[in-house]
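If you want the building blocks of each chain, they are given just below.
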Amino acid sequence: MENRKNYYGSLCAEMYEILHEKAPQDELDFYLSYAEKGKKILEPLCGSGRFLIPFMERGFDICGMDLSSEMLEKLKQKAPDAKVVQADLLEYSSTERYDYIFIPSGSVSLFTDMDVCRKILKKLKGMLVPGGKFVFAVDTVANIYPNDNEYRKTHLYKFGEMEPYLKEMGFKTVIVYSSFQKEPAVGNQNEMFLYECLI
């Protein structure tokens with residue numbers, strides 16, 4: 001399926017490193033706030049490790065997953081001891097379960113086929129331990145600009161659009177924030193929604 005193709009060749013990986021060398025501090029702090037020492041953490045779509053490596057440096061037990069061998073190669077160059085898996089999320093099979101799974105930077109919006117998106121989110125829920133946490137961000141309709149073709153490559157969410165899917169998957173608690181300071185989302189005026197999902 002188109003949205004699950006490996007979009008990153010070597011050149012793209014190099015450009016990504018230049019443009020996104022480090023995670024924004026406020027965003028990093030947001031995802032770190034859910035992490036606990038001694039708990040297992042998974043970052044799907046980890047790319048070249050701009051979030052994963054800071055987690056490692058702070059002593060967290062984290063594993064990364066990505067479809068792109070080029071991006072994972074960049075990650076391993078920076079952090080040779082990083083635990084990573086090259087895999088397609090939907091085809092990946094493991095008995096490993098995690099206490100905390102997170103997908104930063106609105107990457108879930110890259111799954112424009114909603115059936116595929118729901119399958120991926122359901123798959124990730126199945127990789128959580130009882131009481132586990134899944135935290136992720138999406139871009140919103142507030143990102144639509146005139147003559148801007150960039151966001152045709154992403155699914156832009158409306159307020160209230162994602163929550164029914166998450167509840168249907170079996171998440172008992174779903175909290176939606178509009179900022180990394182955990183301000184509640186109340187409408188479509190914010191450029192991102194952050195979901196805190198508990199089972």
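Details of the structure are given in the entry above.
Remember, predicted model here, so these are calculated numbers, not experimental data. (Residues numbered from 1 in each chain as written. Predicted model: local features only at pLDDT ≥ 70, side-chain atom pairs only at ≥ 80, totals over all residues. Heavy atoms only, no water.)

A.B. asks: Tell me about the packing of aromatic side chains, and please be specific about residues and values.
C.D. replies: Tallied over the entire structure, the rule returns 15 aromatic pairs. Both rings, one in Phe30 and one in Tyr34, keep their centres 5.4 Å apart while their planes meet at 75 degrees; by these two values the pair is edge-to-face. Ring pairs connect the aromatic residues Phe30, Tyr31, Tyr34, Phe51, Phe55, Phe60, Tyr100, Phe102, Tyr177 and Phe180, which therefore count as one cluster. The ring of Tyr100 has Lys133 lying over it, and the distance from NZ or CZ to the ring centre is 5.8 Å. (Phe/Tyr/Trp six-rings, centres within 6.5 Å; stacked < 30°, edge-to-face > 60°. Lys NZ or Arg CZ within 6 Å of the ring centre and 35° of its normal.)

A.B. asks: Outline the environment of Lys133, supporting the account with residue identities and numerical values.
C.D. replies: Looking at the element boundaries, Lys133 is found in strand S5 (residues 128-139). We classify Lys133 as buried; its relative accessible area is 17%. If we ignore the near neighbours within four places in the chain, the residues touching Lys133 are Tyr34, Glu36, Asp99, Tyr100, Ile101, Leu128, Cys197 and Leu198. (Helix = DSSP H or I, 4+ residues; strand = E, 2+ residues; numbered from the N terminus. Buried < 20%, exposed > 50% of the residue type's maximum accessible area, 1.4 Å probe, protein only. Contact = heavy atoms within 4.5 Å.)

A.B. asks: Run through helix H4 (residues 69-78), naming residues and quoting values.
C.D. replies: Taken residue by residue, H4 has Met71, Leu72, Lys74 and Leu75 as its buried positions. Taken end-on, H4 shows its buried residues confined to a sector of 155 degrees, consistent with a single buried face. Its side-chain oxygen at 3.4 Å from the backbone nitrogen of Glu70, Ser68 defines the N-terminal cap of H4. (Arc of directions from axis to C-beta. Polar contact = N/O pair within 3.5 Å; in protein donor to acceptor, adjacent residues only side chain to side chain.)

A.B. asks: Which residues make up the pattern of salt bridges, and what values go with them?
C.D. replies: In this structure the tally under the stated criterion is 5 salt bridges. A salt bridge links Lys40 to Asp61; its shortest N-O distance comes to 3.7 Å. Here Lys40, found in strand S1 (residues 40-44), pairs with Asp61, found in strand S2 (residues 61-66); they are 21 residues apart in sequence, far enough to count as distant. A relative accessible area of 25% places Asp61 in the partly exposed class. A salt bridge links Asp115 to Arg118, with the shortest nitrogen-to-oxygen separation between them at 2.8 Å. One end of the pair, Asp115, and the other, Arg118, are both in helix H5 (residues 114-125), 3 residues apart, so they sit about a helical turn from each other. A relative accessible area of 25% places Arg118 in the partly exposed class. Because the salt bridges share partners, they merge into one network encompassing Lys40, Asp61, Lys83 and Glu96. (Salt bridge = Lys/Arg side-chain N within 4 Å of Asp/Glu carboxyl O.)

A.B. asks: Now, about the sheet that holds strand S4 (residues 98-103): what can you tell me, with residues and values included?
C.D. replies: The mixed open sheet is built from 7 strands, whose spatial order is S3-S2-S1-S4-S5-S7-S6. For this open sheet the edge positions go to strand S3 (83-86) and strand S6 (173-177), each flanked by a neighbour on one side alone. In this sheet, neighbouring strand axes are inclined to one another by 15 degrees on average, regardless of whether the strands run parallel or antiparallel. Of the strands in this sheet, S2 and S3 are in contact with H4, which crosses S3 at around 165 degrees. Contacting S1, S4 and S5, H5 runs over the sheet at an angle of about 150 degrees to S5. (Pairing = 2+ DSSP bridges. Axes fitted to C-alpha atoms, helices over the stretch in contact; angles between N-to-C directions.)

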